[in-house]
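Summary of the model geometry
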Amino acid sequence: MALPQPLRTSVTPHELELIASEQLVEILPLITMEKTAFISGAYGPLRPPAKCRIPLWMAMNLKVKKKCHIIPPDWLNIEFLQERLSRETSYPEFSQMPFRFTEIAKAILDVAPDDVQNSEKVRSLLKDLREARQAKSREGLAKLDHSELSLPNLCSMEINELRPFFIHCDGCSYPSFTRRTR
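Residues numbered from 1 in each chain as written. Predicted model: local features only at pLDDT ≥ 70, side-chain atom pairs only at ≥ 80, totals over all residues. Heavy atoms only, no water.

**A closer look at the overall build of the chain**
Let me state the cut-off plainly: Only DSSP runs of H or I with at least four residues qualify as helices, and only runs of E with at least two residues qualify as strands; both kinds are numbered from the N terminus onward. Partly exposed describes any residue whose relative accessible area lies between the buried limit of under 20% and the exposed limit of over 50%, with all areas from a 1.4 Å probe on protein chains only and scaled to the type maximum. Note on contacts: a residue pair qualifies if any of its non-hydrogen atoms lie within 4.5 Å across the two residues. In short, Shrake-Rupley with a 1.4 Å probe defines the accessible areas, and a residue's cover is counted only from the protein chains shown.
Of regular secondary structure, the chain possesses 6 helices and 5 strands. Scored against the burial criterion, the 182 residues of the chain give a buried share of 33%. When contacts within the chain are restricted to residue pairs at least 6 apart in sequence, long-range pairs at least 24 apart make up 65% of them. Surface exposure of the chain reaches about 11,500 Å², of which carbon and sulfur atoms provide 57%.

Listed below in structure tokens is the structure:
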């Protein structure tokens with residue numbers, strides 16, 4: 001797929017989802033499977049009803065084939081997300097979230113919405129949380145000064161969204177600096 005020039009300086013959201021698919025998640029297997037070796041490591045054995053930790057990509061594959069239930073991460077629930085949304089709208093700093101929470105949540109909600117309690121409400125809270133964090137990012141960029149830049153608790157998708165802006169700014173400031181020194 002050919003991307004427009006402004007987007008080529010950054011990783012695509014799909015690529016970020018692929019990277020996040022290496023994260024380990026817990027599953028409840030519905031099949032028995034011996035320990036299996038992959039390039040990224042060996043996973044298993046799967047023995048129902050014992051829980052097992054495997055990469056998200058493998059969990060998604062098994063879920064599509066109806067061979068497991070994905071156990072959502074602790075943070076993928078209504079109470080946690082409501083509390084974080086409240087923090088985002090009440091405090092100036094970003095609340096701490098897992099680094100790849102957007103990608104992991106999207107993958108789990110796309111493949112296994114039946115494994116997440118009240119998945120539509122969780123989706124809505126994730127959307128609200130994302131919008132609150134984006135508004136905070138935009139507000140922070142408006143107040144940006146030249147002395148310090150500190151953006152703790154940004155997640156990978158948010159960093160990726162800001163990257164083209166900073167690359168563009170760096171490209172703008174660097175030529176003007178070189179012209180003054182010549």
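**Examining the pattern of salt bridges**
Side-chain pairing between opposite charges can occur once the charged atoms of the two side chains come close. Note the following rule: Whenever Lys or Arg places a side-chain nitrogen within 4 Å of a carboxyl oxygen from Asp or Glu, that contact is recorded as a salt bridge.
Scanning the model with the defined rule gives 14 salt bridges in all. Taking the shortest distance from any N to any O, the salt bridge between Asp 115 and Lys 63 comes out at 3.2 Å. Here the residue Asp 115 occupies a position in the loop between α4 (101–111) and α5 (119–142), and Lys 63 occupies one in helix α2 (residues 56–64), the gap between them amounting to 52 residues. Lys 63 matches Asp 115 in its accessibility class, with the two residues each being buried. Put simply, Lys 106 and Asp 110 hold a salt bridge, and the shortest N to O gap is 2.6 Å. Of this pair, Lys 106 and Asp 110 are both found in helix α4, 4 residues apart, which corresponds to roughly one turn of the helix. Look at Lys 106 and you get partly exposed, because its relative accessible area is 40%. Where salt bridges share partners, they join Glu 17, Lys 106, Asp 110, Glu 120 and Arg 123 into one cluster.

**Considerations on helix α3 (residues 78–90)**
Operational definition: Expected span of a helix, by definition, is 1.5 Å for each gap between consecutive residues, and there is one gap fewer than residues. By construction, the arc corresponds to the directions joining the helix axis to the C-beta atoms. Identification of polar contacts relies on pairs of N or O atoms within 3.5 Å, with a donor-acceptor requirement for protein atoms, meaning one able to donate a hydrogen and the other able to accept it, and with residues adjacent in sequence counted only if both atoms are side-chain atoms.
In a regular helix each residue adds 1.5 Å, so 13 residues correspond to 18 Å; α3 covers 18 Å between its end C-alpha atoms and thus fits that length. Every buried residue of α3 is listed here: Ile 78, Leu 81, Arg 84, Leu 85 and Glu 88. For α3, the angular spread of buried residues about the axis comes to 135°, placing them on one side. Opposite the packed face of α3, turned more than 90 degrees from it, sit the exposed residues Glu 79 and Ser 90. Its side-chain oxygen 3.2 Å from the backbone nitrogen of Glu 79, Asn 77 forms the N-cap of α3.

**Topic: the environment of Leu 30**
You can see Leu 30 is positioned in the loop between β1 (24–29) and β2 (36–38). Residues Leu 30 and His 69, spaced 39 residues apart in sequence, show a C-alpha to C-alpha distance of 7.5 Å. Leave out the neighbours within four places in its chain, and Leu 30 touches Pro 48, Lys 66, Lys 67, Cys 68 and His 69.

**Considering the side chain of Ser 156**
Mapped onto the elements, Ser 156 comes out in helix α6 (residues 156–181). Residue class for Ser 156 comes out buried when judged on its relative accessible area of 6%. Within polar-contact distance, the side chain of Ser 156 engages the side chain of Glu 103 at 2.4 Å. The residues contacting Ser 156, other than those within four sequence positions of it, are Leu 16, Phe 99, Arg 100 and Glu 103.

**Thoughts on the packing of α2 against α4**
Stated precisely, the cut-off is as follows: To obtain an axis, a line is fitted to C-alpha atoms, over the contacting stretch when the element is a helix, and the angle between two such axes runs from 0 to 180 degrees between their N-to-C directions. Any angle from 65 to 115 degrees is called roughly perpendicular, while one under 35 is roughly parallel, one over 145 is roughly antiparallel, and all others are oblique. Here the nonpolar group is Ala, Val, Leu, Ile, Met, Phe, Trp, Tyr, Cys and Pro; Asp, Glu, Lys and Arg are the charged ones; every other residue, Gly included, is treated as polar.
As a packed pair, α2 and α4 sit with axes 10 Å apart at the nearest point and diverge in direction by 10°. If you check the angle between α2 and α4, you find them roughly parallel. On α4, the residues that touch Leu 56, Met 60, Lys 63 and Val 64 of α2 are Ile 104, Ala 107, Ile 108 and Val 111. Grouping the constituent residues of the contact of α2 with α4 by class yields 7 nonpolar, no polar and 1 charged.

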